[in-house]
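One-letter residues, chain by chain:
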Amino acid sequence: MEITRLTASENNYPMTILPPYDTARKKEPSATFNTEREACLKYFEKWSETDQVEFVENLLARMCHYQHGHINCYLKPMLQRDFISLLPKKGLDHVAEHILSYLDADSLRNAELVCKEWFRVISEGMLWKKLIERKVRTDTLWRGLAERRMIQYLFKPRPGENHRPHDFYRFLYPQIIRDIDSIESNWRNGKHVLQRINCRSENSKGVYCLQYDDQKIVSGLRDNTIKVWDRSTLQCTKVLIGHTGSVLCLQYDDKVIISGSSDSTVRVWNVNTGGDIHHADTSL
Amino acid sequence: MPNIKLQSSDGETFEVDVEIAKCSVTIKTMLEDLGMDDEEEEVVPLPNVNSAILRKVIQWATYHKDDPPPPEDDENKEKRTDDISSWDADFLKVDQGTLFELILAANYLDIKGLLDVTCKTVANMIKGKAPEEIRKTFNIKNDFTASKKSRFVEENEWCEEK
């Protein structure tokens, strides 16, 4: 069966390849038709775009249903665009990446499988890394996991280090998903390890607030103290005394602990020594 | 209300309110660099945008003229594609060729709102589809060889586990 190659438009968008309209036709079109067709095309090319459209509408109105079906198949691919492959050809890789950055993980993985060029745009755009970073910014569970496991591979690399190659992040994503799934399943099935720390308050027992990291737990207590507990031994390593009311809220970083109390003061403590640096009265 | 004349690549001129035209950072910068003269009406040439597309861009900008300025990419927000307004959705019910030209124009003219909504629209055409469906949507040929494809599918099986 002969396949007629029809010419593409000037833009070099994908050519339409269709079987010929009349597959029973064995002869070449007649010489009369060829001459008349050339004459018509010469007129056509001189007309304005609006006139050309009107002319084609006239032609279509004179055609039968079967012809319409054939024309429709011819036209359809001309109206399609491979956005992700075409944009880099115009130097607009970042716009292709912008489109792909809206995809969820499943869609991104399907997009990688479309064709080589889509795979290249996703790899060179480091889109898996960006997806993980977005999750870490917007989801506290992801943030928590990242800070424990792999935050050094995300965002800006440490001075002197480079980013990992894109593959690293493509495999990292499902590993994180598996970790999240097993955490959730552990909670659901009660497969957690419980350790109790007795805060040893003489009176006014109660814990109002805490923050923790891999080394310590900093707790604010109803007995007016802040107690710091070692994560591995569960022993109390510091007792910060100074507040004259329950410690209601606190936050710390690598330098200080800042606590708020029902004694209406805010206190700043040295996180390493436990010494009182400053306190400010918040009441009017 | 001062107007500005915008000239498309095919020579057609469009008269537009200056404030509407300035939603395009490119045009805004051009005007600031040239200096605004109220006496003569400035003609801003836009050689990268044809009249059909420029007409549509002006239509979008006119409808959105009272929008608050878009925030700088707020990286702490989830990226959503389900928040396209119904007016924009209707406006973008066009063939892919026109949508592509609108993306190019929005990028060239630096109109963040239009670029975002057109890109979201394309993303929505990709979302939720298997690779073969994506290829049908955009008329893309599968150029992976059989061996590379099967190795690749194996590596990606984690997605199937859901």
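Residues numbered from 1 in each chain as written. Chains lettered and ligands numbered in written order. Predicted model: local features only at pLDDT ≥ 70, side-chain atom pairs only at ≥ 80, totals over all residues. Heavy atoms only, no water.

### Re the packing of aromatic side chains
Residues and elements named next belong to chain A.
And step 1. According to the stated counting rule, one finds twelve aromatic pairs over all chains in the structure shown.
And step 2. With centroids separated by 6.0 Å and ring planes inclined at 55 degrees, the aromatic side chains of phenylalanine 44 and phenylalanine 55 adopt a geometry described as tilted. Taken together, the residues span a long stretch of sequence, with phenylalanine 44 in helix H1 (residues 31-46) and phenylalanine 55 in helix H2 (residues 49-61) at a distance of eleven residues.
And step 3. Plain terms: the ring middles of tyrosine 153 and phenylalanine 168 are 4.9 Å apart, the flat faces sit at 70 degrees to each other, and that makes the pair edge-to-face. (Phe/Tyr/Trp six-rings, centres within 6.5 Å; stacked < 30°, edge-to-face > 60°. Helix = DSSP H or I, 4+ residues; strand = E, 2+ residues; numbered from the N terminus.)

### Some details on the sheet that holds strand S8 (residues 256-261) of chain A
All names here are of chain A.
And step 1. In spatial order, the strands read S7-S8-S9-S10; together these four strands make up an open sheet with antiparallel pairing. Here the strands that pair on one side only, and so sit at the sheet edges, are strand S7 (247-252) and strand S10 (276-281). Within this sheet the neighbouring strands show an average axis-to-axis angle of 15 degrees, counted without direction.
And step 2. In this structure, S8 lies alongside strand S9 (residues 265-270), joined through five bridges in antiparallel fashion. Of the residues in S9, the one forming a bridge with isoleucine 258 is valine 268. (Pairing = 2+ DSSP bridges. Axes fitted to C-alpha atoms, helices over the stretch in contact; angles between N-to-C directions.)

### Some points on the UniProt feature "domain: F-box" (unreviewed entry) in chain A
And step 1. Mapped onto the present numbering, the UniProt feature "domain: F-box" (unreviewed entry) falls on residues 93-131 of chain A.
And step 2. Along residues 93-131 of chain A the backbone is 77% helical and 0% strand, and the end-to-end C-alpha distance reaches 17 Å. (UniProt positions renumbered as here; feature names shortened; annotations may be inferred.)

### Things to note about the pattern of salt bridges
All names here are of chain A.
And step 1. For the structure on display, the rule yields 22 salt bridges over all chains.
And step 2. Among the salt bridges present, the one from arginine 143 reaches glutamate 147, with a minimum N-O distance of 3.0 Å. Of this pair, arginine 143 and glutamate 147 both sit in helix H9 (residues 140-149), four residues apart, roughly one helical turn.
And step 3. By relative accessible area, arginine 143 is classed as partly exposed at 34%.
And step 4. Close ionic contact of arginine 170 with aspartate 167 constitutes a salt bridge, the shortest N to O distance being 3.3 Å. (Salt bridge = Lys/Arg side-chain N within 4 Å of Asp/Glu carboxyl O. Buried < 20%, exposed > 50% of the residue type's maximum accessible area, 1.4 Å probe, protein only.)

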